[in-house]
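Notes for the structure review
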Amino acid sequence: MPELALLQQVVERVRPLLGQGKVADYIPALASVDAGKLGIAITTVEGVTLGAGDYLEPFSIQSISKVFSLTLALTLYEESEIWARVGKEPSGHSFNSLVQVELESGIPRNPFINAGALVIADLLQARLGAPKHRMLEVVRKLCGNERISYDRLVADSEYQFSARNAAIAYLMKSFGNFHGDVNTVLQSYFHYCSLQMSCADLSRAMIYLANRGVSLTGERLITQVQTRQMNALLATSGLYDGAGEFAYRVGMPGKSGVGGGIIAVIPGDMAICVWSPELDKQGNSLAGTAMLEHLSQELGRCIF
Ligand SMILES: NC(=O)CC[C@H](N)C(=O)O
């Protein structure tokens with residue numbers, strides 16, 4: 001069990017890196033976030049949460065929501081129905097690239113790039129009467145915080161600047177791999193991305209990934225095998241085309257979002273969340289990755 005002092009030390013060690021990355025600016029609502037924020041939280045499989053820095057402050061979870069979407073899809077569909085429509089391979093391209101979708105007949109490489117997450121959102125839309133409401137219910141329960149909500153400003157702003165995601169969805173539709181109404185599914189997808197959660201909330205919500213599929217409240221979300229498979233996909237594709245560098249430096253399954261959050265998992269032990277809004281070239285939190293790297297070194301823990 002890491003000491004609180006270690007988490008504080010990790011935050012202070014990366015503070016000098018502030019200024020080296022760039023806050024996401026593709027929508028005004030994200031561009032205005034304070035670039036100086038730094039937070040880290042861990043939750044152990046026993047349910048203890050510890051944090052340092054701005055770990056209680058909610059931020060836009062963005063692509064970290066792709067983990068919740070896939071988890072929810074696994075509870076609603078046969079696995080074969082999911083994997084017929086999305087692959088399991090790293091993309092080696094930026095998270096919002098269209099190139100592979102065209103070259104590979106509308107089947108996205110994995111569920112953690114935008115194309116893959118849009119297919120998953122399409123699957124959720126088809127099976128759930130009120131997917132946005134259901135997602136909120138699931139996430140609130142997972143972290144035990146009823147105050148979790150969507151940031152309407154972020155969701156609306158994403159929708160206003162949705163050309164690229166809409167293009168990806170329509171391209172997949174042209175190949176027959178997108179069944180719902182594009183605008184309706186985009187609305188749901190952008191809402192999932194706009195979830196506002198703190199490092200503490202996210203480390204608590206993700207504990208099932210460290211705990212063989214069982215949440216903090218003792219409920220099974222996915223099977224033990226599915227949890228291992230999810231962690232494998234996170235290790236190979238959770239950080240987009242930065243997944244190799246992340247595996248090399250941090251050595252944990254992880255998922256990033258352009259809001260500057262990253263969740264990471266030490267199976268059997270703990271879920272971690274870091275937050276620092278400035279991103280590196282791949283769109284992953286620059287100081288966040290450094291925090292996880294220090295933590296993994298100090299704990300002497302990684303999956304490899
Ligand atoms: N990498 C991300 O966090 C991307 C999420 C963002 N909302 C998008 O769809 O482009």
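Residues numbered from 1 in each chain as written. Predicted model: local features only at pLDDT ≥ 70, side-chain atom pairs only at ≥ 80, totals over all residues. Heavy atoms only, no water.

**As for the site of the ligand**
For the record, the criterion: To be near a molecule or strand, a residue needs just one of its heavy atoms within 4 Å of it. Any pair of N or O atoms that falls within 3.5 Å is considered a polar contact. Within protein, one atom must be able to donate a hydrogen and the other to accept it, and sequence-neighbouring residues count only if both atoms are side-chain atoms. Only the protein chains shown count as covering a residue, and every accessible area follows the Shrake-Rupley method with a 1.4 Å probe. Only protein atoms enter the 1 Å grid, on which a cavity is a set of points fitting a 1.4 Å probe that cannot get out and a pocket is an open set with protein on both sides within 12 Å along at least 5 of 7 lines, lining residues being those with an atom within 4 Å of a point. Think of it this way: if more than half of a molecule's atoms are within 2 Å of a pocket's grid points, that molecule is in the pocket or cavity. Think of it as three bins: nonpolar holds Ala, Val, Leu, Ile, Met, Phe, Trp, Tyr, Cys and Pro, charged holds Asp, Glu, Lys and Arg, and polar takes everything else, Gly as well.
The environment of the ligand is made up of Tyr 26, Gln 62, Ser 63, Phe 95, Asn 114, Glu 158, Asn 165, Tyr 189, Cys 193, Tyr 240, Gly 257 and Val 258. Between the ligand and Tyr 189 there is a distance of 2.8 Å, counted from an oxygen atom to a side-chain nitrogen or oxygen. Computed on the free molecule, the ligand has an accessible area of 300 Å², of which 97% lies beneath the protein chains in the complex. The cavity that encloses the ligand is the largest pocket. Grouping the amino acids of the shell around the ligand by side-chain chemistry returns six nonpolar, five polar and one charged.

**Structural notes on the pairing of strand E9 (residues 270-275)**
As a reminder, the rule being used: We call a residue buried when its accessible area falls under 20% of the maximum for its residue type, exposed when it is over 50%, and partly exposed in between, using a 1.4 Å probe and counting protein chains only. Put simply, DSSP marks the helices as runs of H or I at least four residues long and the strands as runs of E at least two long, and each gets a number from the N terminus on. DSSP calls a pair of strands paired once it identifies at least 2 bridges connecting them.
Of all six residues in E9, six are buried; the element is thus mostly enclosed. The alternating pattern of E9 places Met 270, Ile 272 and Val 274 and Ala 271, Cys 273 and Trp 275 on opposite faces, both of which are buried. Alignment of strand E2 (residues 39-44) against E9, held across six bridges, turns out to be antiparallel. Note that in E9 the partner of Ala 41 across the bridge is Cys 273. Two strands pair when backbone bridges link them, and strand E8 (residues 261-266) and E9 are joined in this way by six bridges, in the antiparallel orientation.

**A look at the sheet that holds strand E4 (residues 59-60)**
A sheet is described by the order of its strands in space; here three strands give the open sequence E4-E6-E5, paired in antiparallel fashion. Each having just a single partner strand, E4 and strand E5 (149-150) make up the two edges of the open sheet. Where E4 lies against strand E6 (residues 195-197), two bridges are found, and the strand directions are antiparallel. Following the sheet pairing, Phe 59 is matched in E6 by Met 197.

**What about the UniProt feature "binding site: substrate" (unreviewed entry) in the chain?**
Definition in use: UniProt positions are given in the numbering used here, feature names are shortened, and annotations may be inferred rather than shown by experiment. Throughout, a contact is declared for two residues whenever any of their heavy atoms are within 4.5 Å.
Those residues carrying the UniProt feature "binding site: substrate" (unreviewed entry) are Ser 63, Asn 114, Glu 158, Asn 165, Tyr 189, Tyr 240 and Val 258 in this numbering. Put simply, the named residues that line the second largest cavity are Val 258. Structurally, Ser 63 is set in the loop between E4 and helix H3 (65-76). Given a relative accessible area of 6%, Ser 63 falls into the buried group. Ignoring sequence-local partners within four residues, the contact set of Ser 63 consists of Asn 114, Tyr 240, Lys 255, Ser 256 and Gly 257. The topology assignment puts Glu 158 in helix H8 (residues 152-160). For Glu 158, the contacting residues outside a window of four places in its chain are Tyr 26, Ile 27, Gln 62, Phe 190 and Cys 193.

**Structural notes on unusual backbone geometry**
Phi is positive for Gln 62, close to 50 degrees, though the residue is something other than glycine. For Gln 62, the position within the fold is in the loop between E4 and H3. Even without being a glycine, Arg 212 presents a positive backbone phi close to 55 degrees.

**Notes on the sheet that holds E9**
Definition in use: Think of each axis as a best-fit line through the C-alpha atoms, taken over the contacting stretch in the case of a helix, with angles from 0 to 180 degrees between the N-to-C directions.
Judged by pairing direction, the sheet is antiparallel, and its five strands sit side by side in the order E3-E2-E9-E8-E7 without closing on themselves. With partners counted over all chains shown, the strands left at the sheet margins are strand E3 (49-53) and strand E7 (254-256), one partner each. Strand-to-strand twist in this sheet, taken as the mean axis angle between neighbours without regard to direction, amounts to 10 degrees. Here three bridges tie E7 to E8, and the two strands are oriented antiparallel to one another. Of the residues in E8, the one forming a bridge with Lys 255 is Ile 263. Sheet strands touched by helix H1 (residues 4-14): E2 and E3. Its angle to E3, the strand with the most contacts, is close to 35 degrees.

**Some remarks on empty space enclosed by the protein**
Think of a ball as big as a water molecule: rolled over the atoms, this probe shows where empty space is left. Rules: Grid points are joined across faces, edges and corners, and a volume is the space filled by probe spheres set on the points.
Applying the stated criterion across every chain, the model contains two cavities of 30 Å³ or more. Space inside the largest cavity adds up to approximately 40 Å³. If you trace the largest cavity, you find it lined by Ser 91, His 93, Ser 94, Phe 95, Ser 97, Gln 100, Val 101 and Ile 113. Looking at the lining of the largest cavity residue by residue, the class counts come to three nonpolar, five polar and no charged. Each pocket or cavity is described by its volume, and for the second largest cavity that value is around 30 Å³. Of the residues belonging to the lining of the second largest cavity, the class tally is six nonpolar, two polar and no charged.

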